[in-house]
Amino acid sequence: MQDLLIKIMSKYGYIGVFFLILVENIFPPSEVILLVAGFMTHSSRLSVSLLILTSSFSSLFGAFLLYYLGRILTKDRIEKIVKSKIGRILHLKLNDINKSIDWFNKKGSISVFFGRCIPIIRSLISIPAGISKMNITTFTIYTFCGSLIWNTILISLGKIFQSNWIVITKYLKIYKEYVIIILIIGLVIYIFKKI
């Protein structure tokens, strides 16, 4: 996969990064894309600052797609899509969508900002924001700022660690696993409280 990312970024530059991050909003995760982008600044004319802006605007555009999907679809309809053939093709998981909806319901609109820095939730948080008809201006600001922070960190790490960016992906995988464990524990506690 890394070789394909490098080829796309080498050939298409910022447009390639924009497209990859846009697609990432539907097929998470973006960690590898952003790390490779940072790494590419050493062997191409790509600059860190323009990569951060490009990826942040692309994240925002992708988030708008999912936000408006949430606006037009109810939770029940989204569940039907996830369970359908289309959902399987897109690798959508009902559990991931439910986690993002629960996260949004617990934390409110600020969860869009913080959610942009949490693997799995970062893309899907836009759907519950759309379902709840969150104010679009607030959604735009929180999404862009959260994406800007996440993209800055990962692109900078890719640049700093250069060819060792693969090591960072291992740590990000561990981070993601801890996030999943915390979400599962939180869900179990929530269920016990309801019972």
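Look a little higher up for the structure.
Residues numbered from 1 in each chain as written. Predicted model: local features only at pLDDT ≥ 70, side-chain atom pairs only at ≥ 80, totals over all residues. Heavy atoms only, no water.

Draft legend 1. How the structure looks around the overall build of the chain. Looking only at helices and strands, the chain has 11 helices and zero strands in total. Helices and strands appear in the chain in the N-to-C order α-α-α-α-α-α-α-α-α-α-α. When contacts within the chain are restricted to residue pairs at least 6 apart in sequence, long-range pairs at least 24 apart make up 77% of them. With an accessible surface of roughly 10800 Å², the chain has 69% of that area assigned to carbon and sulfur atoms. (Helix = DSSP H or I, 4+ residues; strand = E, 2+ residues; numbered from the N terminus. Contact = heavy atoms within 4.5 Å. Areas by Shrake-Rupley, 256 points an atom, 1.4 Å probe, with all protein chains shown as cover.)

Draft legend 2. Structural context of the nonpolar core. Grouped together as the largest cluster of nonpolar side chains are 20 residues, with contacts concentrated most on Leu 5, Met 9, Leu 20, Ile 33, Leu 34, Val 36 and Leu 51. Elements supplying a minimum of two residues to this core: α1 (2–24), α2 (31–40), α3 (48–72) and α10 (136–161). Top contributing element to this core by residue count: α2, with seven residues. Formed by 10 residues, the second largest nonpolar core is a distinct cluster that contains Phe 104, Val 112, Ile 121 and Met 134. (Core = buried A, V, L, I, M, F, W, Y, C linked by side-chain atoms within 4.5 Å. Buried < 20%, exposed > 50% of the residue type's maximum accessible area, 1.4 Å probe, protein only.)

Draft legend 3. Spatial organisation of α10. Helix length check: α10, at 26 residues, gives a terminal C-alpha distance of 37 Å against a target of 38 Å (1.5 Å per residue), a fit within 8%. For α10, the complete set of buried residues consists of Phe 139, Thr 143, Phe 144, Gly 146, Ser 147, Trp 150, Asn 151, Leu 154, Ile 155 and Gly 158. With a side-chain oxygen lying 2.9 Å from the backbone nitrogen of Thr 137, the N-terminal cap of α10 falls on Asn 135. (Expected span 1.5 Å × (residues − 1). Polar contact = N/O pair within 3.5 Å; in protein donor to acceptor, adjacent residues only side chain to side chain.)

Draft legend 4. Focus on the packing of aromatic side chains. Evaluation of the coordinates by the stated rule reveals seven aromatic pairs. When the ring of Phe 57 is compared with that of Phe 144, the centres are 4.9 Å apart and the planes differ by 45 degrees; the resulting orientation is tilted. Placement of Phe 57 in helix α3 and of Phe 144 in helix α10 is noted, with a sequence separation of 87 residues between them. A relative accessible area of 18% places Phe 144 in the buried class. Ring centres of Phe 113 and Phe 114 lie 5.0 Å apart, and the angle between their planes is 75 degrees; on these two criteria the pair is classed as edge-to-face. (Phe/Tyr/Trp six-rings, centres within 6.5 Å; stacked < 30°, edge-to-face > 60°.)

Draft legend 5. Inspection of the environment of Phe 104 at higher detail. Along the chain, Phe 104 falls in helix α6 (residues 94–107). Since its relative accessible area comes to 7%, Phe 104 is described here as buried. Separated by 25 residues in the primary sequence, Phe 104 and Ala 129 have C-alpha atoms spaced 7.2 Å apart. Among residues more than four places away in sequence, those in contact with Phe 104 are Ser 109, Ser 111, Val 112, Ile 125, Pro 128, Ala 129, Ser 132 and Met 134.

Draft legend 6. Structural view of the packing of α2 against α10. For the pair α2 and α10, the least separation of the axes is 6 Å and the interaxial angle reads 50 degrees. Between α2 and α10, the angle falls in the class oblique. In this structure, α2 meets α10 at a crossing whose hand is right-handed. Where α2 abuts α10, its residues Glu 31, Leu 34, Leu 35, Gly 38 and Phe 39 lie against Trp 150, Asn 151, Leu 154, Ile 155, Leu 157, Gly 158 and Lys 159. The residue makeup of the contact of α2 with α10, split by class, is seven nonpolar, three polar and two charged. (Axes fitted to C-alpha atoms, helices over the stretch in contact; angles between N-to-C directions. Parallel < 35°, antiparallel > 145°, perpendicular 65-115°, else oblique. Left-handed = near helix turned anticlockwise from the far one by under 90°. Nonpolar A, V, L, I, M, F, W, Y, C, P; charged D, E, K, R; others polar.)

Draft legend 7. The environment of Ile 15, seen in detail. Within the secondary structure, Ile 15 sits in helix α1. Residue Ile 15 is classed as exposed on the basis of its relative accessible area of 66%. Taking the C-alpha atoms as reference points, Ile 15 and Leu 51, 36 residues apart in sequence, are found 10.0 Å from one another.

Draft legend 8. Highlighting a nonpolar patch on the surface. On the surface, Leu 50, Leu 53 and Phe 57 cluster together into a nonpolar patch covering about 270 Å² of accessible area. Given the relative accessible area of 46%, Phe 57 is considered partly exposed. (Patch = residues over 30% accessible without salt bridge, like charges linked within 9 Å, V, L, I, M, F, W, Y side chains within 5 Å. Salt bridge = Lys/Arg side-chain N within 4 Å of Asp/Glu carboxyl O.)

Draft legend 9. Fine view of the packing of α3 against α10. As a packed pair, α3 and α10 sit with axes 8 Å apart at the nearest point and diverge in direction by 140 degrees. With respect to each other, α3 and α10 are oriented oblique. α10 is crossed by α3, and the crossing has right-handed handedness. Seen from α3, the contacting residues are Val 48, Leu 51, Ile 52, Ser 55, Ser 56, Phe 57, Ser 59, Leu 60, Ala 63, Phe 64, Tyr 67 and Tyr 68; seen from α10, they are Ile 136, Phe 139, Thr 140, Thr 143, Phe 144, Ser 147, Leu 148, Asn 151, Thr 152, Ile 155 and Lys 159. Residues of the contact of α3 with α10, tallied by class, amount to 14 nonpolar, eight polar and one charged.

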